[in-house]
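Survey of secondary and tertiary structure
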Amino acid sequence: MNKLGLVITDGVGFRNYILSDFLKEAQNQFEEIIIFSALPKSYFDDINTNKCIIENLEDYCESSKTWIYRKLKEVAHLQNHKKGNFGIRTNLKKNYPTSKSKRAFLIKLIFVWTNFFNSEKWINRYYKSQQKSFKNNATTLRYISLLKKHKPDLVYFTHQRPPYIAPLIYASKIVKIKTATFIFSWDNIPSKGRMSGDFDYYFVWSYLMKEELLSFYVNIKNEQVKVVGTPQFEPYVLDKYKIELSGFMNKFDLDTTQKTICYSCGDVSTSKSDPLYIKTIAEAISKGEIIEPVNLLVRTSPAEDATRFLSLKKEFPFIKWNYPKWVLSRDNHQETWSQRIPTTEDIIDLKGLLAYTDVAINMCSTMSLDAMFFDKPVINPVFGNETNGLYNDQKYLKYQHYARVVESNAVAVVKTAEELINEINLSLKTPKARLDAQKELLKLQISYPLQDTGKRIATKINECIKETI
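About the thresholds
- Residues numbered from 1 in each chain as written.
- Predicted model: local features only at pLDDT ≥ 70, side-chain atom pairs only at ≥ 80, totals over all residues.
- Heavy atoms only, no water.
- Phe/Tyr/Trp six-rings, centres within 6.5 Å; stacked < 30°, edge-to-face > 60°.
- Helix = DSSP H or I, 4+ residues; strand = E, 2+ residues; numbered from the N terminus.
- Lys NZ or Arg CZ within 6 Å of the ring centre and 35° of its normal.
- Pairing = 2+ DSSP bridges.
- Axes fitted to C-alpha atoms, helices over the stretch in contact; angles between N-to-C directions.
- Contact = heavy atoms within 4.5 Å.
- Core = buried A, V, L, I, M, F, W, Y, C linked by side-chain atoms within 4.5 Å.
- Buried < 20%, exposed > 50% of the residue type's maximum accessible area, 1.4 Å probe, protein only.
- Salt bridge = Lys/Arg side-chain N within 4 Å of Asp/Glu carboxyl O.

1. Some details on the packing of aromatic side chains
Taken as a whole and assessed by the stated rule, the structure comprises 28 aromatic pairs. The interplanar angle of 45° and the centroid separation of 5.8 Å between the aromatic rings of F309 and W321 together place this pair among those described as tilted. Of this pair, F309 sits in the loop between β9 (294-299) and α13 (310-315) while W321 sits in strand β10 (residues 320-322), placing them twelve residues apart in sequence. The rings of Y17, F22, Y156, F182 and F203 are connected pair by pair, giving a single aromatic cluster. Note that R103 overlies the ring of W67, its terminal NZ or CZ placed 4.1 Å from the centroid. Note that K272 overlies the ring of Y391, its terminal NZ or CZ placed 5.6 Å from the centroid.

2. Observations regarding the sheet that holds strand β15 (residues 412-414)
Reading across the sheet, the six strands line up as β10-β9-β8-β13-β14-β15 and stay open at both edges, with parallel pairing between neighbours. Looking at the sheet topology across the chains shown, the edges are occupied by β10 and β15. Each strand axis lies, on average, 25° off the axis of its neighbour in the sheet, ignoring direction. Where strand β13 (residues 359-362) lies against strand β14 (residues 378-381), two bridges are found, and the strand directions are parallel. Paired with A360 across the two strands is V378, which belongs to β14. Sitting on the sheet, helix α12 (residues 274-286) touches β8 (259-264), β9, β13 and β14, and the angle it makes with β9 is about 170°. Along the sheet, helix α14 (residues 344-356) contacts β8, β9 and β10; its crossing angle with β9, the most-contacted strand, is approximately 145°.

3. Considerations on the side chain of S273
In this fold, S273 is placed in the loop between β8 and α12. Apart from the residues lying within four places of it in its own chain, the contact partners of S273 are Y391 and D393.

4. Some remarks on the nonpolar core
Counting 147 residues, the largest nonpolar core has Y156, F203, I424 and I461 as the members making the most contacts within it. Per-element accounting of this core gives the leading share, six residues, to α12. Excluding its chain neighbours within four sequence positions, the residues that come into contact with F203 are Y156, A180, T181, F182, I183, K226, V228, I457, K460, I461 and C464.

5. Describing the sheet that holds strand β2 (residues 30-37)
Spatially, seven strands are ordered β3-β2-β1-β4-β5-β6-β7 in an open sheet, and the strand pairing comes out parallel. Among the strands making up the open sheet, the edge pair consists of β3 (52-56) and β7 (225-227). Across the sheet, the mean angle separating the axes of adjacent strands is 20° when strand polarity is ignored. Sheet topology places strand β1 (residues 2-8) next to strand β4 (residues 154-157); four bridges connect them, and they run parallel. Considered in β4, the bridge of L6 is made with Y156.

6. Structural notes on the pattern of salt bridges
Counted under the stated rule, the structure contains 23 salt bridges. A salt bridge links K240 to D21; the shortest N-O distance between them is 3.7 Å. Pair noted here: K240 is in the loop between β7 and α11 (245-251) and D21 is in the loop between α1 (11-17) and α2 (22-29), with a separation of 219 residues, a long-range link. The class for K240 is partly exposed, based on a relative accessible area of 48%. Residue D21 is classed as buried on the basis of its relative accessible area of 13%. The partner of D346 in a salt bridge is R299, and the shortest N-O contact between them spans 3.0 Å. Here R299 lies in strand β9 and D346 lies in helix α14, a separation of 47 residues in the sequence. Both residues of the pair, D346 and R299, belong to the buried class. Residues participating in the shared-partner salt-bridge network are K251, K325, E345 and D349.

Pasting the structure below:
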């Protein structure tokens, strides 16, 4: 049997690959699994890791030289693909510095340079220079030593973008070990920056994502891309995360005689108007504008605390709150958000929330897909535009990945308070109106059933090990 190196970069990777069925299936298919973890070892204590060895990834400190070549590579990628792509143009603008620091000045120079030199040929030059900068780096030398010690047949990265995985990618190439990565989210290819490195294999959600990947990364060959679905949603079909209706209603103090509206928040950086949308719904409930009595349950973002909702909690005591049970494992990491780790309890809560609520509302987030797996009507409020003084969340409708959602008619997009309340009433009255469109969208975005996703990925990794590159 083969040995697998599994790189867990963050809390979402922990949920996707440790709390799904992947690890169990991988233990059946591999002689040994070396988990290279950016999370503390102690968080694996309650997991069945009988075939696993856990090695901590260092909190890597990037050198100035490495940083410059990485920024050149990332900005050049955005410059190269900005034409006709609203999401990338927005991301490019967002990354342009406004301060007057030395680093900001360097980034401005990088923007000027890459405006002219951003072809795939130039991007590869920047990447090769970045790779050379890892030579004789202390972190790289340690990773090379670890890889020689454990001798995995393939190193599988559960996220393709964090900069702190780059030394491990380089070390794997030096030791001549195959590498693979999983494309982390549905928006990562069409609207985000360059990957941290080049891999031998790329695991994607769907044939649509494969098409996007080959379009944005012209040097990747068709046979390197493996369509496997995503473990992100696999817990929804696992019995171990099931909660009964009575237990769910009791836990969140919901009235069992009423239907439930669920509002799922994004984080404050992208979903600034969440309090406005929650207040709009709560006021409509108070004024009797909803066609029947309802519960209102709000799930906050795992990436932040509930501080920005305190006034709402005081003003509308009938709102019920689900604060995700994600534990901050440490707060001194370069990307603190990545150190938030989900608990089993939170997955159970989330599955119950999706199964037992009647209308799902969020601002253009992945939670739209989550709700569709449970045949729930989905509403996306986007009140803000470029001229009305509100946070411009209507811009997200133009992002390539979400434009498809809007065009599919699988969700209701509402741009005013009146439209939001009308759509809630319509969804309560005819909850299955968009069901066919939702099924088609899920087929497009996730090409395989949720059942056996972990087994499918483990099997495909084994096949990659046996392939000759």
